[in-house]
Each structure stands twice: as structure tokens, then as C-alpha cells.
Amino acid sequence: MNDTARPDASALDAAAVALPEVAAARPEGPPRRRATLGPVALVVAGGLSVQFGSAVAVLLMPRAGALGVVTLRLVLAAVVLLALCRPRVRGYTRADWGTVVAFGAAMAGMNVLFYQAADRIPLGAAVTLEVLGPLALSVIASRRLVNLVWAGLALAGVVLLSGGGFDRLDPVGAAFALAAGVMWAAYIVFSARTGRRFPQADGLALAMAVGAVLTVPLGVAEAGSKLLVPSTIGLGLAVALMSSVLPYTLELLALRRLPAPTFAILMSLEPAIAATAGFLVLSQALSVTDALAIALVIAASMGAVRSQVPKRTAEK
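Notes on the structure follow. Per-chain numbering applies: the sequence of each chain, read as written, is numbered from 1 onward. Only residues with pLDDT of at least 70 are given local features in this predicted model, and only at 80 or more are side-chain atom pairs given and counted; all residues enter the totals for whole chains, interfaces and linings. In computing side-chain values, all of the structure's heavy atoms are included and hydrogens and water are not.

**Structural notes on the overall build of the chain**
- From N to C terminus, the chain includes 12 helices and zero strands.
- Working definition: helices are DSSP H or I runs of at least four residues, strands are E runs of at least two. Numbering for both runs from the N terminus. Order of helices (α) and strands (β) in the chain, N terminus to C terminus: α-α-α-α-α-α-α-α-α-α-α-α.
- Three labels apply to residues, based on accessible area from a 1.4 Å probe with only protein chains included: buried if under 20% of the type maximum, exposed if over 50%, partly exposed otherwise in between. The burial tally for the chain puts 52% of its 316 residues in the buried class.
- Accessible areas in this description were obtained via Shrake-Rupley with a 1.4 Å probe; residue shielding takes into account the shown protein chains only. With an accessible surface of roughly 14000 Å², the chain has 66% of that area assigned to carbon and sulfur atoms.

**Some details on the nonpolar core**
- As used here, the term nonpolar core means buried Ala, Val, Leu, Ile, Met, Phe, Trp, Tyr and Cys residues forming a set that is joined through side-chain atoms within 4.5 Å. Core analysis: the biggest nonpolar cluster contains 69 residues, and Met 107, Phe 114, Tyr 115, Leu 129, Tyr 187 and Met 208 have the highest contact counts within it.
- Of the residues forming this core, the biggest block, 17 residues, is contributed by helix α2 (residues 37-85).
- Core analysis: the second largest hydrophobic core is formed by five residues, Ala 254, Leu 258, Leu 266 and Met 267 among them.

**Some points on unusual backbone geometry**
- In this model, Arg 86 sits at a positive phi of 45 degrees, which is unusual for a non-glycine residue.
- Among the structural elements, Arg 86 can be located in the loop between α2 and α3 (94-118).
- Looking at Arg 86, the relative accessible area reads 72%, which means it is exposed.
- Phi is positive for Ser 283, which is not a glycine, with a value near 60 degrees.
- With respect to the element layout, Ser 283 can be found in the loop between α11 (270-282) and α12 (288-308).
- Residue class for Ser 283 comes out exposed when judged on its relative accessible area of 62%.

**Digging into the packing of aromatic side chains**
- For this analysis, a ring pair means two rings from Phe, Tyr or Trp (six-membered ring only for Trp) whose centres lie within 6.5 Å, classed as stacked if their planes differ by under 30 degrees, edge-to-face if by over 60, and tilted for the remaining angles. This model, assessed by the stated rule, comprises five aromatic pairs.
- Ring centres of Tyr 92 and Phe 198 lie 4.4 Å apart, and the angle between their planes is 40 degrees; this geometry places the pair in the tilted category. A residue pair is termed long-range when its members are at least 10 positions apart, and Tyr 92 in the loop between α2 and α3 and Phe 198 in the loop between α7 (171-197) and α8 (202-223) qualify at 106 residues.
- With a relative accessible area of 13%, Tyr 92 lands in the buried category.
- Overall, Phe 198 belongs to the buried group, its relative accessible area being 4%.
- Centre to centre, the rings of Trp 97 and Phe 198 are 6.2 Å apart; their planes meet at 70 degrees, and the pair counts as edge-to-face. Of this pair, Trp 97 sits in helix α3 while Phe 198 sits in the loop between α7 and α8; the two residues are 101 residues apart in sequence, bridging distant segments of the chain.
- What makes Trp 97 partly exposed here is its relative accessible area of 29%.
- Following the ring pairs from residue to residue traces out a cluster consisting of Tyr 92, Trp 97 and Phe 198.
- Here, over-ring charges are defined by two tests on the NZ atom of lysine or the CZ atom of arginine: distance to the ring centre within 6 Å, and angle to the ring normal within 35 degrees. If you follow Arg 88 out to its NZ or CZ, it ends over the ring of Tyr 92, 4.6 Å from the centre.

**Comments concerning α3**
- By this rule, a helix spans an expected 1.5 Å times one less than how many residues it contains. With 25 residues, α3 extends 36 Å from end C-alpha to end C-alpha; this agrees with the ideal 36 Å at 1.5 Å per step.
- Among the 25 residues in α3, 19 count as buried, and that is most of the element.

**Remarks on the environment of Asp 290**
- Within the fold, Asp 290 resides in helix α12.
- Residue class for Asp 290 comes out buried when judged on its relative accessible area of 9%.
- As a C-alpha pair, Asp 290 and Leu 161 span 129 residues in sequence and 5.4 Å in three-dimensional space.

What follows is the structure in C-alpha cells.
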């Protein structure tokens, strides 16, 4: 999504980055050995913005419904990004447009499924189950046997989170979260392809517009005129800014100075941030078992990313 993006051909590296819209933004050359505190803080701030934005979205659901919230988020985020990026629409091939449409469809599907999950199960559990999608893609794409260990660790976390079965969690909500993870994996793939075909954040803005168009009929069918209430639009704009525009901007700035593997590891903290947001904003308390389950999935994600970073010889 940035103007210096030069994506690596390896699907492994794209899969390692937990927020796929920047999967193609790896800096060229060897990654720096030490990340400064500044870009790390930007990434953490972006994660906080995304997850607290999701918590605000849950508060908005009684007013507009899960599908209405998705529509408000994508429509308002698309308006802001299109105004900021002013993407060029001429000069692209049919394959370019096919890629951006697929990216937008994956974005819409991921958001629709995730908000359906967040409407039924705690935010921390929803994000923990969702992050299994990128983790599975990472493991499948990898040829390293050690990643089977990380997959097993993640599976142990999911079993703990579900209490041995999904009866403790709403089974429909858990299914939506897992399906959102599948769409997140697709999002990773098409984000990387879009980054190769469109300059700067143009592809992201256009894909956001596609996602908005796809979700408008769903939101209107569920919420109707409720979407036009000024206070609802205001909260929807807050969700769009917190969950899309602000974190994308912060991550863009961070990736100019932060190696992609370090970024991916920081993104692995998303379930913990989501659980914190759920506790502070939505009063969704975590049991000790839930906290341990989330910690296992975070550890598995970090391990999978680190095992994919090739060892480099020290520079003289």
C-alpha cells in the first residue's frame, strides 16, 4: 500500500504479515537488525486503533445491526480513502480490475463475517479464531516442518478457548469467526497482488469502494433508514477512521523503517489487544483459561513468523 512497495514473490512472506494490505510493502534489501521505538509504537497504536474501533462497532450494532455497521465502516472509509488518494481509474487492464474486485470482495466478506462473529461471541475470542486464517496460510505455504509445531500450539489454544467444544462459545459466532479467518487469508493473497498492480494506496482505496458497493444492499436490508440517523453516521465514521483509515496510515509510516517480519510479529498481538478492548469498552471479562488460550495462539503466530525469516550472515 505504499509507494515503495516491491513485493517478494514468496507467498510465505505475504502470509506472514497479519494485516495483508501492507503485505507487499517489504523494504528492499536485508531487514534492519534493530527497529527503533518509533515505528514499533506506530504499529502498536494501529493495533489499538483497530481493536478499539471494533469495540465501538459492537456498541453500534444495537442501532444498525452487524451488517449495517459493516456498510457504514466500508462506505465511510471508502469515501475518506478515495478523497485522500484520488486514485487513477484509467490505464489498467482487465486483469488489474479483476484483482482489485477480488480484493474488495475478500475485504467485504471478511468484515461481514467478522462482525457477525463479534455480535455473538466476545471480541477477544473472535479475533483469536479469525487470526487462525493467516496462520493456516502461513503454515500451508511453508516447507518447514517446525511450523507443524506452531499449528499444533494454535490448535491447543482453540481447544482451550472453546472449552473442549464450541458449546461454551456460541457455535454460530465461532463458525463466523473461523470463516472470517478464511476470508482474511484470501485478503492476504489479493492484497499482495493488488499492491503489485496499483501504485501507492490506489488499489486499497478502489478495493474499499468495491467492498462498500457489495455491502450496501446487505446493510440497507438489515438497517434501512437507521443508517441515515446522524448519531449513527457519526459513530460509523469513528469506526471507519479507527478501524481502517488511521491504522492503515500508521502502518504505512511504520513500514518505511520497520522490517516486515518484525511488523508481522507485532500484528500477532492483535488477539490480546482485542481482549483488552473487549474488557475495557464492552465489559467482556476473560477467564484464566481464555487468557491462556489467547496466549497460545499469539505464541503460535509469533513462532510461525519467526521460523519463516531466513537467517542472514552478519554484515561486516
